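# Analysis of the macromolecular model
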Amino acid sequence: MPIALDAPRVSPPATGQTVAEDYRIGPQDLIEVQVYGLENLKREVRVNSRGVISLPLIGTVALGGLTAQEGEELITVKYEKDYLRKGQTSLLQARAIAGGGASMADMNAVMLFRVENGSKKSFKFDVPRIRAGELADPVLMNDDLVVVNRSPARTALRDSLFRDVLDTINPFNYLRPY
């Protein structure tokens, strides 16, 4: 899981020029921490007087006196230890990470698009049957694309004249977001 501490990029020194030692993180430094693919873990944190920062899930991390690269490595190790394992993710796990199914989603025809050996492939999955244990939960691969279409039946009901009548006579319809 790549983690980046943003720091200015510097070109290599000219021939014969002396190189100063890498900058060391110190108190009051402002550090941006980004975890690739997990936008909710992105933080800008200030190093306290003891050289420590606090991050979600892993808590305090002592960065004082470390270079940016050493800090990246330390934060990566801490996240990978208990939280960000580079393991396999199944279709049901990906669905849960994405927030589950929307009310108009057709979970009986979830599409998975994959490229294998330069060939494009597509697969159709019935999520309720996977959840019931009737079908295997497929393991996702890097660059897989999962598409959940709208349910035609639910969309038709929502857009029907019947629904308009129900919304008109329902005294609580002002509470429903559109």
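This text goes with the structure placed above it.
What counts and how
- Residues numbered from 1 in each chain as written.
- Predicted model: local features only at pLDDT ≥ 70, side-chain atom pairs only at ≥ 80, totals over all residues.
- Heavy atoms only, no water.
- Helix = DSSP H or I, 4+ residues; strand = E, 2+ residues; numbered from the N terminus.
- Buried < 20%, exposed > 50% of the residue type's maximum accessible area, 1.4 Å probe, protein only.
- Contact = heavy atoms within 4.5 Å.
- Areas by Shrake-Rupley, 256 points an atom, 1.4 Å probe, with all protein chains shown as cover.
- Core = buried A, V, L, I, M, F, W, Y, C linked by side-chain atoms within 4.5 Å.
- Pairing = 2+ DSSP bridges.
- Salt bridge = Lys/Arg side-chain N within 4 Å of Asp/Glu carboxyl O.

## Section: the overall build of the protein
What the protein contains, in helices and strands, is five helices and 10 strands. Burial statistics for the protein: of 178 residues in total, 27% are counted as buried. Nonlocal contacts in the protein, meaning residues at least 24 apart in sequence, comprise 50% of its contacts between residues at least 6 apart. Within the structure as shown, the protein displays about 12900 Å² of accessible surface, and the carbon and sulfur contribution to it stands at 54%.

## Considering the nonpolar core
With 14 residues, the main nonpolar core has I31, I53, L55, V61, L63, I75 and Y79 as its most contacted residues. Among the elements of the structure, strand 2 (30–35), strand 3 (38–46), strand 4 (52–55) and helix 1 (68–82) are those that each provide at least two residues to this core. At three residues, the largest contribution of residues to this core is made by strand 2. The residues touching L63, leaving out its near neighbours within four places in the chain, are I25, I31, G51, I53, G71, L74 and I75. Counting nine residues, the second largest nonpolar core, distinct from the first, contains L91, F125, V127 and I130.

## So, unusual backbone geometry
For residues that are not glycine, phi is negative in most cases, and the peptide bond is trans in most cases. For N117, which is not glycine, the phi torsion reads 50 degrees and is therefore positive. Mapped onto the elements, N117 comes out in the loop between strand 7 (110–116) and strand 8 (119–125). Positive phi values are uncommon outside glycine, yet D143 reaches one of about 70 degrees. A residue is classified by how much of its surface remains accessible, and D143, at 78% relative accessible area, is exposed.

## Observations concerning the pairing of strand 5 (residues 59–62)
Two faces, one strand: in a regular strand the side chains alternate between the faces of the sheet. Here strand 4 runs beside strand 5; their pairing, made up of four bridges, is antiparallel. Bridge assignment links S54 to a residue of strand 5, and that residue is T60. What sits between strand 4 and strand 5 in their antiparallel hairpin is a turn of three residues, with L57 showing a positive phi close to 75 degrees.

## With respect to the pattern of salt bridges
Following the criterion strictly, the structure yields six salt bridges and no others. As a salt-bridge pair, E116 and K121 come within 2.9 Å of each other at their nearest N and O atoms. For E116, a relative accessible area of 24% corresponds to the partly exposed category.

## Focus on the side chain of S90
In this fold, S90 is placed in strand 6 (residues 89–90). The class of S90 is buried, set by a relative accessible area of 11%.

## Some remarks on the pairing of strand 2
In terms of strand pairing, strand 2 meets strand 3 through five bridges, oriented antiparallel. From the neighbouring strand, I31 faces strand 3, where its bridge partner is V45. Here strand 2 folds back onto strand 3, and the loop between the two strands holds two residues, one of which, G37, carries a positive phi near 85 degrees.

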